[in-house]
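Results of the structural survey
What follows is each chain in one-letter form.
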Amino acid sequence: MKELYILEDKYMTDFSKIDEYNKDFHDNFPDWKPFVTKENFENFLKEVEEKKQGIGNDGVKEIFYWFMEGDKIIGAGGIRLNPEVDERTKIYCGHIFYQIVPSKRKQGYGTILCHLLLKKMQELGFKEAIITCFDTNKGSIKIIEQNSGEFIEKIYDIEEKNERFKITRRYKVNIEKSLKNFKSKRR
Ligand SMILES: CC(C)(COP(=O)(O)OP(=O)(O)OC[C@H]1O[C@@H](n2cnc3c(N)ncnc32)[C@H](O)[C@@H]1OP(=O)(O)O)[C@@H](O)C(=O)NCCC(=O)NCCS
């Protein structure tokens with residue numbers, strides 16, 4: 001099995017790997033719009049560096065990571081260091097976000113990515129994480145629960161127009177307990 005790890009944005013300098021990542025989404029979802037392209041790559045790197053300082057992100061400091069399997073990007077995620085500085089981020093977004101390329105979904109990778117982000121949070125000094133997901137996101141609910149997420153509440157978003165995204169579930173994770181109890185189901 002190839003090594004699975006997270007890589008901070010600035011260490012991914014080979015755009016051909018990001019191109020493959022975009023292609024995986026595009027092959028599965030033709031209307032998908034990439035958030036990083038060859039044209040905006042430099043700007044993307046500048047923006048993610050700025051986000052680490054909370055610049056241009058409502059003051060929320062955020063670290064972006066690529067999720068790697070060997071030398072291939074199979075997902076992306078991030079850690080928000082201070083979601084509490086922005087009311088909507090605090091309530092609806094929490095500390096962690098993640099996504100897996102479509103071709104690798106339902107194989108246990110999302111659960112591992114969440115685990116690796118929690119591990120990183122512990123290295124950064126956090127003891128607890130808040131993770132949220134939409135009530136309709138069956139995969140994400142399982143990911144959080146498989147990382148020992150304890151359900152807090154469901155929140156109804158009156159500002160959200162799309163029915164699928166109206167209800168957010170909020171969970172808290174005791175990071176030490178989560179890391180200790182984690183079992184990967186990856187086949
Ligand atoms: C949500 C997402 C990260 C799941 O990634 P993944 O690699 O498929 O996750 P896993 O394989 O670890 O799935 C965990 C469990 O959920 C199940 N699952 C995953 N997607 C599912 C879906 N769409 N419907 C039902 N079950 C699903 C898996 O089969 C697995 O079940 P098991 O543990 O009983 O075998 C992925 O679909 C994605 O990137 N979605 C878009 C971004 C997103 O929604 N991010 C989460 C909010 S931050």
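Cut-offs and rules
Residues numbered from 1 in each chain as written. Predicted model: local features only at pLDDT ≥ 70, side-chain atom pairs only at ≥ 80, totals over all residues. Heavy atoms only, no water. Pairing = 2+ DSSP bridges. Helix = DSSP H or I, 4+ residues; strand = E, 2+ residues; numbered from the N terminus. Axes fitted to C-alpha atoms, helices over the stretch in contact; angles between N-to-C directions. Contact = heavy atoms within 4.5 Å. 1 Å grid on protein atoms, 1.4 Å probe; cavity = no way out; pocket = protein on both sides within 12 Å on 5 of 7 lines; lining within 4 Å. Points joined across faces, edges and corners; volume = space filled by probe spheres on them. Nonpolar A, V, L, I, M, F, W, Y, C, P; charged D, E, K, R; others polar. Near = heavy atom within 4 Å. Polar contact = N/O pair within 3.5 Å; in protein donor to acceptor, adjacent residues only side chain to side chain. Sits in = over half its atoms within 2 Å of the grid points.

Re the pairing of strand β7 (residues 167–174)
Note: strand β5 (residues 128–134) against β7, seven bridges, orientation antiparallel. Bridge pairing links cysteine 133 to arginine 169 in β7. Sheet topology note: the strand β6 (residues 150–156)/β7 ladder contains six bridges and is antiparallel. Bridge pairing links phenylalanine 151 to tyrosine 171 in β7.

Looking at the sheet that holds β5
The antiparallel open sheet is built from three strands, whose spatial order is β5-β7-β6. The two strands at the open ends of the sheet, each matched to only one other strand, are β5 and β6. Along the sheet, successive strands turn relative to each other by an average axial angle of 25°, direction set aside. Here helix α4 (residues 109–123) sits on the sheet in contact with β5 and β7, set at roughly 150° to β5. Sitting on the sheet, helix α5 (residues 138–146) is in contact with β5 and β7, with an inclination near 160° to β5.

Details of the layout of surface pockets
Rolling a probe over the atoms, with the probe sized like a water molecule, indicates the empty space that remains. Considered as a void within the structure, the largest pocket measures approximately 1400 Å³ in volume. Lining the largest pocket we find 40 residues, and of these Tyr98, Asn137, Gly139, Ser140 and Ile143 sit closest to its centre. Its residues assigned to classes, the lining of the largest pocket shows 15 nonpolar, twelve polar and 13 charged. Mapped by element, the contributors of at least two residues to the lining of the second largest pocket are α2 (41–52), β2 (62–69), β3 (72–80) and β4 (96–100). Here the lining of the second largest pocket gets four residues from one element, more than from any other, and that element is α2. Among the residues making up the lining of the second largest pocket, the classes are represented as seven nonpolar, one polar and four charged.

Considering the site of the ligand
Residues in close proximity to the ligand total 19 residues, the closest being Ile100, Lys106, Gly108, Thr111 and Gln146. Residue isoleucine 100 places a main-chain N or O atom 2.8 Å away from an oxygen atom belonging to the ligand. Within the backbone of lysine 106, an N or O atom sits 2.6 Å from an oxygen atom of the ligand. With respect to the pocket detection grid, the ligand is positioned in the largest pocket. Elements supplying a minimum of two residues to the shell around the ligand: β4, α4 and α5. Here the shell around the ligand is built from residues that sort into five nonpolar, nine polar and five charged.

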